[in-house]
Amino acid sequence: MSQIITKAQLIDILNQWHSDKITTEKLQVWMIDNFEPDEFDIGKGEEEHTIEAMHIVMNEYELVDETKCLKAGAKLAIDFINATPDSFMTTRGEFLRNGFSD
């Protein structure tokens, strides 16, 4: 049986990082430990675009070099997770373009 990662859990961990309650390393470890599509049911019960946003956010933070993570990216990630179908592509672009340094 898979473990569920809720939208609220993901937003909470992003808020903890943004407010310096956890380090970037701890954020990344959480993403790595909780983003395994076979073992975790990410966003169960949410709308399809929200589930997709959660997958994108978790995947990006799982793979990125932690030195490239910008704290401002936490707010952009949360905005993306909270997007409506109409704002999905805009918030996705903002997160992917401005959430990380080059």
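Provided above is the structure to which this section pertains.
Residues numbered from 1 in each chain as written. Predicted model: local features only at pLDDT ≥ 70, side-chain atom pairs only at ≥ 80, totals over all residues. Heavy atoms only, no water.

Enquirer: Got a minute to help me understand the packing of helix H1 (residues 7-18) against helix H2 (residues 24-34) in this structure?
Expert: Packed helix pairs are characterised by how far apart their axes lie and by the angle those axes make with each other. Running from amino to carboxyl end, H1 crosses H2 at an angle of 165 degrees, the nearest separation of the two axes being 9 Å. Relative to H2, H1 is oriented roughly antiparallel. Crossing handedness for the pair H1 and H2: left-handed. In this structure, H1 contributes Leu10, Ile13, Leu14 and Trp17 to the contact, and H2 contributes Thr24, Leu27, Trp30 and Met31. A class-by-class count of the residues in the contact of H1 with H2 yields seven nonpolar, one polar and no charged. (Axes fitted to C-alpha atoms, helices over the stretch in contact; angles between N-to-C directions. Helix = DSSP H or I, 4+ residues; strand = E, 2+ residues; numbered from the N terminus. Parallel < 35°, antiparallel > 145°, perpendicular 65-115°, else oblique. Left-handed = near helix turned anticlockwise from the far one by under 90°. Contact = heavy atoms within 4.5 Å. Nonpolar A, V, L, I, M, F, W, Y, C, P; charged D, E, K, R; others polar.)

Enquirer: What's the story with H2 in this structure? I'm lost.
Expert: An α-helical segment advances 3.6 residues per turn. Residues three or four places apart therefore align on the same side. Every buried residue of H2 is accounted for by Thr24, Leu27, Gln28, Trp30, Met31 and Asn34. Seen from one end, H2 has its buried residues packed into an arc of 155 degrees, which puts them on one side. Buried positions along H2 lie against strand S1 (3-5), H1, strand S2 (40-42) and helix H3 (48-63). (Buried < 20%, exposed > 50% of the residue type's maximum accessible area, 1.4 Å probe, protein only. Arc of directions from axis to C-beta.)

Enquirer: Could you clarify how one ought to interpret the side chain of Thr91 in this entry?
Expert: Considering the arrangement of structural elements, one finds Thr91 in helix H5 (residues 88-98). Taking relative accessible area as the criterion, Thr91 reaches 16% and is therefore assigned buried. At 3.1 Å, the side chain of Thr91 forms a polar contact with the backbone oxygen of Phe88. (Polar contact = N/O pair within 3.5 Å; in protein donor to acceptor, adjacent residues only side chain to side chain.)

Enquirer: What is the right way to look at the packing of aromatic side chains in this model?
Expert: How two aromatic rings sit relative to each other is given by the distance of their centres and the angle of their planes. Under the criterion given, the structure shown has six aromatic pairs. Ring geometry for Phe80 versus Phe88: centroids 5.1 Å apart, planes at 50 degrees, classification tilted. Note on Phe88: relative accessible area 8%, which makes it buried. Seen from their ring centres, Phe80 and Phe95 are 6.1 Å apart, and the 25 degrees between their planes marks the pair as stacked. One end of the pair, Phe80, is in helix H4 (residues 72-81); the other, Phe95, is in helix H5, with 15 residues separating them in the sequence. Given a relative accessible area of 0%, Phe95 falls into the buried group. Here the aromatic residues Trp17, Tyr61, Phe80, Phe88, Phe95 and Phe100 are joined through ring pairs into a cluster of three or more. (Phe/Tyr/Trp six-rings, centres within 6.5 Å; stacked < 30°, edge-to-face > 60°.)

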